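Reading the structure
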Amino acid sequence: MNQPTGRTIALIALAAFAVYLGIYYWPSIAGFIGLVASAVAPLVLGLVLAYPLNILMSFYERHFLPASTGRVVARVRPGISLVLALLTLVVVATGIMWLVVPQLVECVKLLIDEVPVATVSLFDWLEESELITPDLVSSVNASLEAFDWKSHVSDLASMVMSGIVGAVSGVVSGTATFFLAVIFSIFVLLNKKRLAIQRDLIMERYLSAQMLARVRYVLGIADDCFHRFLVGQCTEAVVLGVLCAVGMLILQLPYALMIGALTAFMALIPIVGALISGAIGAFLILMVSPVQALVFLIFIVVLQQLEGDLIYPHVVGSSIQLPGIWVLAAVTVGGGAFGIAGMFVGVPLAAVAYRLLRNDVYAGK
């Protein structure tokens, strides 16, 4: 049996000492990590935004004077393509807001008008059912009178003020981070060819030929899976939103365009997005007519069955070459670990792992 050398013992001791320091000074280390994470958050978010924006930009680059080889066209093509991609996103976002916001405001007004009436009706029904007795009313009034409101006003005011300050600071910080991320993503896209050359030079300098080929192979599969997933997810969202709006118009249900646009937007979240939009739509229609809300629920269940059995597997599942069972597993695990972001990223990551494993298994046969 080989005896550990002095160098091995020194490395083990050094690792144990590093673990001890990490545990002992963990609050300071965690604070430093949080500081670094907040500092690089705009850059990371900018790279995340740049990837889907690059899909639109590349589409316009392929179709903007593709046969021209002039230097002027080559120089202006990236900028014009980026502007067209940004305009496309702005137009889509404006269209969704134009369809959703006005009717959503109308629903809120209707809800505000109906709440007092519904409250009075509820209390009348409770009194008629003898669930509310005069003794109960008297005891509640006595408790309210005995409650010392003045002693709790200052605490309530401080809680409200701290909540307002926290919300305002969070909104300001989030807006600034998003604005910096958008600016960074624009610079990345305008210099993507130069950055790609620099990336290749660094990889060729510090990686062996075998490792370089492996990294490029994995990155190529990852890029293909994420690209196919984004395109397929957007296509599936548009198809589902149109089917929802058309079906609601045929059934003469209210808020057809708004709920259709909301369904298309929420369908960007794999599998569960349609459930969320269906619940919101049923609640909004319930304010108008309970019968129509029931009809909508039946319709949305049928539509979601159609989506789960036909649309999603053929549009998204086939495009990323991932079986439906693993799509559901990826959404479940990703959502449980990281919420909505995990649901969205989990499917293409699972597709990458599945394709790499499948290629490796069949390569040995």
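Summarised in this report is the structure supplied together with it. These numbers come from a predicted model, not from an experiment.

All right, on to the nonpolar core then. In this structure, Cys244, Met248, Tyr255, Ile259, Ile285 and Phe296 are the most contacted members of the largest nonpolar core, which totals 22 residues. When contributions to this core are tallied by element, the ones reaching two or more residues are α3 (71-128), α7 (209-250), α8 (256-266), α9 (272-286) and α10 (290-320). The biggest single contributor to this core is α10, with five residues.

Along the chain, Leu253 turns up in the loop between α7 and α8. In the structure, Leu253 is positioned 40 residues away from Ala293 in sequence and 8.4 Å away in space, judged by C-alpha atoms. Not counting residues within four places of it along the chain, the set of residues in contact with Leu253 comprises Met248, Gln292, Val295 and Phe296.

Below, the discussion takes up unusual backbone geometry. In terms of backbone geometry, most residues other than glycine have negative phi values and most peptide bonds are trans. With a phi angle near 60°, Gln252 is a residue other than glycine that sits in the positive phi range. For Gln252, the location among the structural elements is in the loop between α7 and α8. Residue class for Gln252 comes out exposed when judged on its relative accessible area of 64%. Its identity as a non-glycine residue notwithstanding, Tyr255 has a phi of 60°, on the positive side. Summarising the element assignment, Tyr255 is placed in the loop between α7 and α8.

In this section: the packing of helix α2 (residues 26-63) against α7. Interaxial distance between α2 and α7 falls to 11 Å at its minimum, and their mutual angle equals 75°. In terms of their interaxial angle, α2 and α7 are classed as roughly perpendicular. Here Tyr51, Pro52 and Ile55 of α2 lie close against α7, whose contacting residues are Asp223, Phe226, His227, Leu230 and Val231. Looking at side-chain class alone, the contact of α2 with α7 contains six nonpolar, one polar and one charged residues.

On to the packing of aromatic side chains. Applying the stated criterion across every chain, the model contains three aromatic pairs. Relative to Phe226, the ring of Tyr51 has its centre 6.4 Å away and its plane inclined at 80°; by these criteria the two rings are edge-to-face. Here Tyr51 is found in helix α2, whereas its partner Phe226 is found in helix α7, with 175 residues between them in sequence. By relative accessible area, which is 26% here, Tyr51 ends up partly exposed. Measuring from ring centre to ring centre gives 5.5 Å for Phe59 and Tyr60, while their planes differ by 70°; the resulting arrangement is edge-to-face.

Below, the discussion takes up the pattern of salt bridges. If you walk through the whole model with that rule in mind, you get five salt bridges. Across the pair Lys192 and Glu61 runs a salt bridge, and its minimum N-O distance is 3.0 Å. One end of the pair, Lys192, is in helix α6 (residues 192-206); the other, Glu61, is in helix α2, with 131 residues separating them in the sequence. For Arg199, the salt bridge goes to Asp200, with nearest N and O atoms at 3.3 Å. Of the residues examined, Arg199 reaches a relative accessible area of 44% and is grouped as partly exposed. Through salt bridges that share partners, Asp224, Arg228 and Arg355 make up one connected network.

What counts, and at which threshold
- Residues numbered from 1 in each chain as written.
- Predicted model: local features only at pLDDT ≥ 70, side-chain atom pairs only at ≥ 80, totals over all residues.
- Heavy atoms only, no water.
- Core = buried A, V, L, I, M, F, W, Y, C linked by side-chain atoms within 4.5 Å.
- Buried < 20%, exposed > 50% of the residue type's maximum accessible area, 1.4 Å probe, protein only.
- Helix = DSSP H or I, 4+ residues; strand = E, 2+ residues; numbered from the N terminus.
- Contact = heavy atoms within 4.5 Å.
- Axes fitted to C-alpha atoms, helices over the stretch in contact; angles between N-to-C directions.
- Parallel < 35°, antiparallel > 145°, perpendicular 65-115°, else oblique.
- Nonpolar A, V, L, I, M, F, W, Y, C, P; charged D, E, K, R; others polar.
- Phe/Tyr/Trp six-rings, centres within 6.5 Å; stacked < 30°, edge-to-face > 60°.
- Salt bridge = Lys/Arg side-chain N within 4 Å of Asp/Glu carboxyl O.

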